[in-house]
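Results of the structural survey
So you can see what is in the structure, the chains are spelled out below.
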Amino acid sequence: MPYKIIKKLQLGNSGTLFEMDIYAPLIAKKAFAGNFILIRINETGERIPLTIADYNREVGIITIVVQIVGKSTLLLSHQNEGDELLDVVGPLGNRIHIKKYEHPIIIIGGGVGIAPCYPQAKELKEVGNKIISILGARTKDLIFWREKMAGISDKIIISTNDGSEGIKGFVTEPLKDIISKEKISLVIAIGPMIMMKNVVSITDGTENLPRVETFVSLNTIMIDGTGMCGGCRFPAKDGQIHFACVEGPDVNGHIVDFDILLNREKRFAEFEEKSYDLYKEECKNLKPR
Ligand SMILES: Cc1cc2nc3c(=O)[nH]c(=O)nc-3n(C[C@H](O)[C@H](O)[C@H](O)COP(=O)(O)OP(=O)(O)OC[C@H]3O[C@@H](n4cnc5c(N)ncnc54)[C@H](O)[C@@H]3O)c2cc1C
Ligand code: FES
């Protein structure tokens, strides 16, 4: 079945972020917050996991938001409206637990992690939760979906490392401020691994702040997405091994051993860099379409 790109939009001014609508009616029909897809662009392409950031069941469309970080995401950015992707598998992973919580929920999106926050905030808001969204990035050009997130949030806070928009600093500063002043039922953090590690270290009750249940979305390396290859294995603090694709990708952040995981994620860095450089070299010889 062809997976046609229906719409493509650049996000912000960084040149590294884009949004794509893909015609995939069977996936759209079953998609929920927390689910992801595996995409293979062409016959020689690798499979890359991407979150279903939005879905429209009526028109059969799923939306993805992608940050260019290496060869496959750069190759995907070269696909245009009307092009077809070879394979799109999904929805994979688990739907997040949706219920009405007693106190507000804080949803933290860092960089491209803002996109997976959207369906989670939307579905949690629909059942009556109060949502406080914190959107953070290095600089304002990497913040997107401000209006979309504002539309499903009771309060929205923006933070940038360089102070170009909102509070200057990391997302952990407004997080500390809120949980020290009011009762919060749940924190959801999605973004770079280091951001999720730092959020968890604030909500785990060891910093003279109340302990708050915290979910993180693990963007570990994934290949099959169905529990068979072991690529997405992550260690828990008690030594147990878990699989992010079938147990998550959203998991209890307080059990994750982020130090081991951060090291594990670097294991293919040399090959990833080589393949990125080779592809960029190849692109120089391509004629623009
Ligand atoms: C469940 C899940 C959902 C994700 N959702 C999104 C999303 O919505 N938008 C988005 O831009 N990115 C998302 N990612 C990350 C995305 O899959 C990687 O950025 C992409 O695979 C990198 O491929 P590349 O060839 O461009 O870069 P590479 O050169 O392969 O790698 C560059 C960096 O990406 C990491 N990476 C490489 N392969 C994977 C992989 N298969 N899974 C995770 N990380 C990888 C590497 O550790 C490295 O740091 C998600 C990852 C997971 C596991
Ligand atoms: S991606 Fe293969 S086991 Fe999880």
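All figures in this text were calculated on a predicted structure; none of them were measured in a lab.

**A few points about the packing of helix α5 (residues 172-181) against helix α6 (residues 193-203)**
Where α5 contacts α6, the axes come no closer than 10 Å and their chain directions differ by 20 degrees. As judged from the angle between their axes, α5 and α6 are roughly parallel. Of the two possible hands of crossing, α5 and α6 adopt the one that is right-handed. Mapping the contact onto sequence places T172, L175, K176 and I179 in α5 and N198, V199, I202 and T203 in α6. Across the contact of α5 with α6, the residue classes tally to four nonpolar, three polar and one charged.

**Some remarks on the nonpolar core**
I106, I108, L175, V216 and L218 are the most contacted members of the largest nonpolar core, which totals 34 residues. Of all the secondary structure elements, the ones that give two or more residues to this core are β3 (36-40), β9 (105-110), β10 (131-137), α5, β13 (186-190), α6, α7 (244-247) and α8 (258-264). With six residues, α6 is the largest single contributor of residues to this core. For this core, the two domains that each supply at least three residues are domain 1 (3-92) and domain 2 (105-264). Leaving out residues up to four positions away in the same chain, L218 has contacts with M193, F234, A244, P249, V251, V256, F258 and L261.

**Some points on the site of ligand 1**
Taken together, the neighbourhood of ligand 1 is formed by 23 residues, with P49, V65, Q67, S72 and T73 sitting nearest. Between ligand 1 and Q67, the relevant distance is 2.8 Å, taken from an oxygen atom to a main-chain nitrogen or oxygen of the residue. Expressed as a share of its isolated accessible area of 830 Å², the protein-covered part of ligand 1 is 85%. Where the shell around ligand 1 is concerned, the elements lending two or more residues are β4 (48-51), β6 (61-67) and α2 (71-77). A per-class count over the shell around ligand 1 returns 12 nonpolar, seven polar and four charged.

**Things to note about the side chain of T172**
If you trace the backbone, T172 turns up in helix α5. Residue class for T172 comes out buried when judged on its relative accessible area of 10%. Residue contacts for T172: discarding those within four places in its chain leaves N198, V199 and I202.

**Focus on the sheet that holds β4**
With respect to topology, three strands assemble into an open sheet ordered β4-β3-β8, the strand pairing being antiparallel. In this open sheet, the two strands that pair with only one neighbour each are β4 and β8 (87-92). The mean angle between the axes of side-by-side strands here comes to 25 degrees, regardless of whether they run parallel or antiparallel. Sheet analysis places β3 next to β8, joined by four bridges and oriented antiparallel. Looking across to β8, one finds that I39 is bridged to V88.

**Brief notes about the domain arrangement of the protein chain**
Domains assigned within the protein chain are domain 1 (3-92) and domain 2 (105-264). Summarising the inter-unit geometry, the C-alpha centres of domain 1 and domain 2 are found 22 Å apart. On the domain 2 side, the residues contacting the 24 residues of domain 1 number 21 residues. For the pair domain 1 and domain 2, the two sides together bury roughly 1800 Å², of which 62% comes from carbon and sulfur. Across the domain 1-domain 2 interface, the total number found is two salt bridges. Among the salt bridges present, the one from D54 reaches K122, with a minimum N-O distance of 3.5 Å. Put simply, domain 1 and domain 2 have eight residue pairs in polar contact (both at pLDDT 80 or more) between them. For the side of domain 1 that touches domain 2, the elements supplying multiple residues, two or more each, are β2 (17-23), β3, β4, β5 (54-56) and β6. No other element matches the four residues that β6 contributes to the side of domain 1 that touches domain 2.

**Here's the deal with unusual backbone geometry**
Cis geometry is adopted by the peptide bond preceding P91, which originates at G90 and carries an omega value of -5 degrees. Tracing the sequence through the fold places P91 in strand β8. Cis rather than trans, the peptide bond between G248 and P249 has omega equal to 10 degrees. Phi is positive for W145, which is not a glycine, with a value near 55 degrees. Counting through the fold element by element, W145 comes out in the loop between β10 and α4 (146-150). Accessibility expressed as a relative area gives 8% for W145, which makes it buried.

Calculation notes
Residues numbered from 1 in each chain as written. Chains lettered and ligands numbered in written order. Predicted model: local features only at pLDDT ≥ 70, side-chain atom pairs only at ≥ 80, totals over all residues. Heavy atoms only, no water. Axes fitted to C-alpha atoms, helices over the stretch in contact; angles between N-to-C directions. Helix = DSSP H or I, 4+ residues; strand = E, 2+ residues; numbered from the N terminus. Parallel < 35°, antiparallel > 145°, perpendicular 65-115°, else oblique. Left-handed = near helix turned anticlockwise from the far one by under 90°. Contact = heavy atoms within 4.5 Å. Nonpolar A, V, L, I, M, F, W, Y, C, P; charged D, E, K, R; others polar. Core = buried A, V, L, I, M, F, W, Y, C linked by side-chain atoms within 4.5 Å. Buried < 20%, exposed > 50% of the residue type's maximum accessible area, 1.4 Å probe, protein only. Domains from an automatic or database assignment. Near = heavy atom within 4 Å. Polar contact = N/O pair within 3.5 Å; in protein donor to acceptor, adjacent residues only side chain to side chain. Areas by Shrake-Rupley, 256 points an atom, 1.4 Å probe, with all protein chains shown as cover. Pairing = 2+ DSSP bridges. Buried area = accessible area lost by both parts, 1.4 Å probe. Salt bridge = Lys/Arg side-chain N within 4 Å of Asp/Glu carboxyl O.

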